[in-house]
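# Chains, contacts and geometry: an overview
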Amino acid sequence: MKNIIAFAGSNSKNSINKQLVNYTSTLLKDSNVSILDLNDYKLPVYGIDYEQEHGIPENANKFLEYIKSSDGIILSLAEHNGAYATVFKNLFDWMSRIESKTFFDKPMLLMATSPGGRGGASVLEMAKNRFPYHDANIIEVFSLPFFGNNFVDGIIVNDEYNEQLKNSVEQFKKAL
């Protein structure tokens, strides 16, 4: 059985990206999916002075160990002002100080959703361009626009988007 980690690049308690991750995890039969919450891995804001004075926080090491020990990654990025949410960027910065190749060539299903029509397109483009430098093996990319219209009661209600996600999950599973 494959071990998958799934998380949203958000610390919102009501994160729409975490809701998408939760739903996506239900589509992975015959896999052990661990859903991680960035709120459980609080970190100080990255700075070289902090690192030199205090070292690398244990939570950065813990999260990186989850990535290392997984067979695949499902990540749904929140988009703040066209970029990663601060909480994700901070975690990413800390982990890259431990291991620059942060994603260890693990198959990744990269996703985003938003209340608007672009569905996190800017943050997805940023990640697609940046993550391969950190050894990301992005198998599929999925974007869900208009979250409030297309996601109701814990599921994607738009058949076209639901089929797209299911196809992305199938490709991801084949890469595991």
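Basis of the calculations
- Residues numbered from 1 in each chain as written.
- Predicted model: local features only at pLDDT ≥ 70, side-chain atom pairs only at ≥ 80, totals over all residues.
- Heavy atoms only, no water.
- Pairing = 2+ DSSP bridges.
- Helix = DSSP H or I, 4+ residues; strand = E, 2+ residues; numbered from the N terminus.
- Axes fitted to C-alpha atoms, helices over the stretch in contact; angles between N-to-C directions.
- Core = buried A, V, L, I, M, F, W, Y, C linked by side-chain atoms within 4.5 Å.
- Buried < 20%, exposed > 50% of the residue type's maximum accessible area, 1.4 Å probe, protein only.
- Contact = heavy atoms within 4.5 Å.

Time to look at the sheet that holds strand β2 (residues 31-36). The strand order β2-β1-β3-β6-β7 describes an open sheet built from five strands, whose pairing is parallel. Both outer strands of the open sheet, β2 and β7 (137-144), are each paired with one neighbouring strand and no more. Going across the sheet, the axis of each strand differs from the next one's by a mean of 20°, ignoring polarity. Alignment of strand β3 (residues 72-77) against strand β6 (residues 107-113), held across five bridges, turns out to be parallel. Residue pairing across strands places S76 opposite M111, the latter belonging to β6.

Bringing the nonpolar core into the picture now. Grouped together as the largest cluster of nonpolar side chains are 28 residues, with contacts concentrated most on F7, F63, L77, F88 and F131. Per element, the largest residue contribution to this core is five residues, and it comes from helix α4 (residues 86-98). Not counting residues within four places of it along the chain, the set of residues in contact with F88 comprises F7, G9, L38, L75, L77 and F131.

In short, geometric facts, not functional conclusions.
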